Amino acid sequence: MGIVDTRKLVFEYIRRDEEGNVEGINRAVDEVDICVEKGEFIAVLGHNGSGKSTLAKHLNAILMPTEGTVWVGGMDTAEEENLWNIRQTAGMVFQNPDNQIIANVVEEDVGFGPENIGVPTEEIWQRVEESLKAVGMYEYRAHSPNRLSGGQKQRVAIAGIMAMKPECIVLDEPTAMLDPNGRKEVIRTIRQLNQQENVTIILITHYMEEVIHADRVIVMDGGRVVMQGTPREVFSQVELLKKYRLDVPQVTLLAYELKKKGLPIRDGILSIPEFVEEIAKL
Amino acid sequence: MIRDITIGQYYPVDSVIHRLDPRVKLMGTLIYIISLFLFKSFTGYLVALVFLGAVIKLSRVPLGYILRGLKAVIVLLFFTIGFNIFLTPGQVIWQAWVFKITREGLRSGAFMGIRLIFLIVGSSLMTFTTTPNHLTDGLERLLGPFKRLHMPVHEVSMMMSIALRFIPILLEETDKIMKAQSARGADFESGGLIKKAKSLVPLLVPLFVSAFRRANDLAMAMEARCYRGGEGRTKMKPLKYGRRDYIAYGMIALYLGALFLITRYLWK
């Protein structure tokens, strides 16, 4: 069993009219089976409404499955007594950086999680220092979050989760509200945490460029897992991705189009250097 | 313009007063305010003035900056003094139509004026020298005993600090909505009071909707970080009394003692 497991996970939103009668049922997540091993970097891709955010909220026990089971660190999320342990095991970073920072000073915000789980004062300081250094925000520890850029705020939010020493971090579209620079900053930080601190990462996103470094990509559409594999495997199926209303990275698309016109280029090219090398061979 | 509003108006310099434990400052301010109402002689105010002056000097907040805070209450000040001067019965000094000025009125008007000024300067000195975070922390600790009476002390102080965190964010948002509505022809400037108030509706509705959405997000983020109320929480920056704080408490006691002796026995 991995760090995160779901079996036949189903989640239904029930729409009601004004009298409270059931109008319809939306199946946001439909029989999803995923298994994430410790230390993996998983990216979950999907168009708007594909159910990826709903799936993410299950991994932190914010939502409970309608059917099926979710295990986090071997604990069933449906059992209430596991709730706080699960939230400590799988930390969650949300989309809007402003709406998840609680304190008026960076270091106090990072200390918020450890305070909640009853860590002694001296250890809180130690954890705050370590986490802020891990995301490269240590020199901003005494700043007000309002003065930081979006990318910096999001890194503070990640540090806030890191300070709780989770085994796994779920990031629900952490870059959706950031500019390109902020996006790069955050993705670089996530990769570093994965490689250096060996934290399991589950990154929910719809930006293709962010998933090329993942160990495994899961593509969702209409609540189902429709594709799964390494970034190279997934991105070599350009036609299929287009069907799910997802774009592939520009160079992958260029390579694909060239190949369609008859140039002997291999499938699933992910980066510009790779592409250059391949072209040079011709 | 809207961003110029600052709450608390913390004046960031490093001084003995700034470094005091917020509980000392809260208690000191409270005692000081009560003390202003305990006596009725000018010598008492002299003692209070000396004490206040000493604290201002120690706090290193410029006097002009402090007095500027009085501008906001100048109308209230005039009303209070005016009512006292004209409406206190007693020995009439001057009379015109229905207005009478009495000796007693002048005296109590002067008292009320001094009291109000001292009260405002004294309490604003606390907000000048204490960050909002410290203030809520201090309040939480001071009101701690009321938790036994099931008063939500921790929750209230958490609400206060979250409110402080979101003031600038919501101000920025107000600015944005204002610009967006102006771009579509909304007019916030012209018209009388009622028209102006009405024109705020298209501003307030989206602002409220957004505030609720933010509150929802924040609650989710707090829960995801294991927040479950004040029970079993530890503190990253616990409040601890130091030598400085005990000395300050001593000073406050000394002030009260001096006030008592001087107003009771020396110059009645």
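Read on for a plain summary of the structure. Here the residue numbers are simple positions, counted from 1 along each chain's written sequence. Here every chain gets a letter starting at A, and every ligand a number starting at 1, in the order they are written. This being a predicted model, a pLDDT of at least 70 is required before a residue's local features are given, and a value of 80 or more before pairs of side-chain atoms are given or counted; all residues contribute to the totals for chains, interfaces and linings. Heavy atoms throughout the structure, all of them, feed into the side-chain values; hydrogens and water do not.

**Remarks on the side chain of B:Ser157**
Residues and elements named next belong to chain B. Considering the arrangement of structural elements, one finds Ser157 in helix α8 (residues 153-183). Exposure is judged per residue with a 1.4 Å probe applied to protein chains only, and the accessible area is read against the type maximum: over 50% gives exposed, under 20% gives buried, and values in between give partly exposed. Among the residues examined, Ser157 registers a relative accessible area of 7% and is labelled buried. The contact definition used throughout considers only heavy atoms, calling two residues in contact when any of these lie within 4.5 Å. When near neighbours in sequence (up to four residues on either side) are disregarded, Ser157 contacts Thr136 and Glu140. Helix and strand definitions here come from DSSP, where helices need a minimum of 4 consecutive H or I residues and strands a minimum of 2 consecutive E residues; each element is numbered from the N-terminal end.

**Re the interface of chain A and chain B**
At the interface, 40 residues of chain A touch 28 residues of chain B. By definition, the buried area sums, over both parts, the 1.4 Å-probe accessible area that each loses when the two are put together. At the boundary of chain A with chain B, total buried surface from both sides reaches about 3100 Å², with 53% on carbon and sulfur atoms. Here a salt bridge means any side-chain nitrogen of Lys or Arg lying within 4 Å of a carboxyl oxygen belonging to Asp or Glu. On inspection of chain A and its partner chain B, the count reaches five salt bridges. For B:Lys237, the salt bridge identified is with A:Glu108, shortest N-O distance 2.9 Å. Polar contacts, as used here, are pairs of N or O atoms within 3.5 Å; protein pairs need one atom able to donate a hydrogen and one able to accept it. Residues neighboring in sequence count only if both atoms are side-chain atoms. Summed over the shared surface of chain A and chain B, the number is 19 residue pairs in polar contact (both at pLDDT 80 or more). Three classes are used: nonpolar for Ala, Val, Leu, Ile, Met, Phe, Trp, Tyr, Cys and Pro, charged for Asp, Glu, Lys and Arg, and polar for all others, with Gly counted as polar. Its residues assigned to classes, the side of chain A that touches chain B comprises 20 nonpolar, 13 polar and seven charged.

**Points about the packing of helix α3 (residues 106-116) of chain A against helix α4 (residues 121-134) of chain A**
Residues and elements named next belong to chain A. Think of each axis as a best-fit line through the C-alpha atoms, taken over the contacting stretch in the case of a helix, with angles from 0 to 180 degrees between the N-to-C directions. Direction vectors running N to C along α3 and α4 enclose 120 degrees, while the axes themselves pass 9 Å from each other. In terms of orientation, α3 lies oblique with respect to α4. Considering the relative orientation of α3 and α4, their crossing is right-handed. The residues of α4 that touch α3, namely those facing Val106, Glu107, Val110, Gly111, Pro114 and Glu115, are Ile124, Trp125, Val128, Ser131 and Leu132. By residue class, the composition of the contact of α3 with α4 is seven nonpolar, two polar and two charged. Orientation labels follow simple angle bins: below 35 degrees gives roughly parallel, above 145 gives roughly antiparallel, 65 to 115 gives roughly perpendicular, and whatever is left gives oblique. The crossing is said to be left-handed when, going from far helix to near helix, the turn is anticlockwise and less than a right angle, and right-handed when the turn is clockwise.

**Examining the packing of aromatic side chains**
Pairing of aromatic rings covers Phe, Tyr and Trp, the last counted by its six-membered ring, and requires centre-to-centre distances within 6.5 Å; plane angles under 30 degrees mean stacked, over 60 mean edge-to-face, and any other angle means tilted. Scanning all chains against the criterion turns up 11 aromatic pairs over all chains. By the ring-pair criterion, three or more aromatic residues cluster together here, those being B:Tyr32, B:Phe51 and B:Tyr255. The side chain of A:Lys133 reaches across the aromatic face of A:Tyr138, ending 4.7 Å from its centre. In this structure, B:Arg165 packs its charged tip against the face of B:Phe166, placed 5.2 Å from the ring centre. Look at NZ for Lys and CZ for Arg. If either is within 6 Å of the ring centre and within 35 degrees of the ring normal, a charge sits over the ring.

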